[in-house]
Amino acid sequence: MENRARELREIVKRTNEEVNKANEKSDRARNELRDYERRCQHEYSKTIYDPIYTSAYTIPGDKPGTMGVDWRGPTYVSAKTEPRWKRTCTRCGLEQITTRAKDSITKIPDFGEGAGRW
């Protein structure tokens, strides 16, 4: 085997070993962090509303001259905003993100002017 090929093979071997060691170290740290987050008695910061906005666009459809039973023309897709909230634990730094929300209806009595008079 030529010297250059031998050198390159050694570099590849050494680099793969370093990558494997780094991956093992990263996995250990990730597991330790996950355990730390599980044990943490979380104190979350203020919840931040951070919606996801997708702008409107048009799907061009099939090219002219490609008519047939399955031909599709241009389609307009309207813009949409998906609600999203974020909060972060001030102790361990765990960030939680959700798009779920519970709707709540609250009825507030309105007696209007002159309440108490029949």
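As shown above, the structure is provided for reference.
Quantities reported herein were computed from a predicted structural model and do not represent experimental measurements.

About the thresholds
- Residues numbered from 1 in each chain as written.
- Predicted model: local features only at pLDDT ≥ 70, side-chain atom pairs only at ≥ 80, totals over all residues.
- Heavy atoms only, no water.
- Helix = DSSP H or I, 4+ residues; strand = E, 2+ residues; numbered from the N terminus.
- Rg over C-alpha atoms; globule rule 2.2 N^0.38 Å.
- Buried < 20%, exposed > 50% of the residue type's maximum accessible area, 1.4 Å probe, protein only.
- Contact = heavy atoms within 4.5 Å.
- Areas by Shrake-Rupley, 256 points an atom, 1.4 Å probe, with all protein chains shown as cover.
- Pairing = 2+ DSSP bridges.
- Salt bridge = Lys/Arg side-chain N within 4 Å of Asp/Glu carboxyl O.
- Phe/Tyr/Trp six-rings, centres within 6.5 Å; stacked < 30°, edge-to-face > 60°.
- Lys NZ or Arg CZ within 6 Å of the ring centre and 35° of its normal.
- Disulfide = S-S within 2.5 Å.

**A look at the overall build of the protein chain**
Point 1. Broken down by element type, the protein chain carries 1 helix and 7 strands.
Point 2. Each helix and strand of the protein chain, placed in order from N terminus to C terminus, yields the pattern α-β-β-β-β-β-β-β.
Point 3. Here the C-alpha radius of gyration of the protein chain, 30 Å, is well above what a compact globule of 118 residues would show, namely 13 Å.
Point 4. Scored against the burial criterion, the 118 residues of the protein chain give a buried share of 5%.
Point 5. Pairs at least 24 apart in sequence give 52% of the contacts found in the protein chain among residues at least 6 apart.
Point 6. Within the structure as shown, the protein chain displays about 11,300 Å² of accessible surface, and the carbon and sulfur contribution to it stands at 51%.

**Considerations on the sheet that holds strand β1 (residues 48-49)**
Point 1. Taken in spatial order, the 3 strands make up an open sheet running β1-β6-β7, and their pairing is antiparallel. Either end of the sheet is taken by a strand with one partner, and the two such strands are β1 and β7 (95-98).
Point 2. Bridge analysis of β1 against strand β6 (residues 85-88) gives 2 bridges, and the strand direction is antiparallel. Following the sheet pairing, Tyr49 is matched in β6 by Trp85.

**Topic: the pattern of salt bridges**
Point 1. Evaluated as defined, the whole model comprises 6 salt bridges.
Point 2. The partner of Arg84 in a salt bridge is Asp50, and the shortest N-O contact between them spans 2.8 Å. Of this pair, Arg84 sits in the loop between β5 (80-82) and β6 while Asp50 sits in the loop between β1 and β2 (52-54); the two residues are 34 residues apart in sequence, bridging distant segments of the chain.
Point 3. Classification of Asp50 as partly exposed rests on a relative accessible area of 23%.

**Regarding the side chain of Glu37**
Point 1. Note that Glu37 resides in helix α1 (residues 3-39).
Point 2. The residues touching Glu37, leaving out its near neighbours within four places in the chain, are His42, Cys92 and Leu94.

**A word on the packing of aromatic side chains**
Within a pair of aromatic rings, the relevant descriptors are the distance that separates the centres and the angle that separates the planes.
Point 1. Tallied over the entire structure, the rule returns 1 aromatic pair.
Point 2. On the numbers, 5.5 Å between centres and 55 degrees between planes, the contact of Tyr49 with Trp85 is tilted. Placement of the pair is Tyr49 in strand β1 and Trp85 in strand β6, with a sequence separation of 36 residues.
Point 3. The ring of Tyr44 has Arg87 lying over it, and the distance from NZ or CZ to the ring centre is 3.7 Å.

**Description of the state of the cysteines**
Point 1. Under the defined criterion, the tally for this structure stands at 0 disulfides.
Point 2. The thiol sulfur of Cys40 is not disulfide-bonded, and the nearest other cysteine sulfur, from Cys89, lies at 3.8 Å.
Point 3. On the accessibility criterion, Cys40 (14% relative accessible area) is buried.
Point 4. A disulfide-free cysteine, Cys92 has its sulfur positioned 3.8 Å from the sulfur of Cys89, the nearest such atom.

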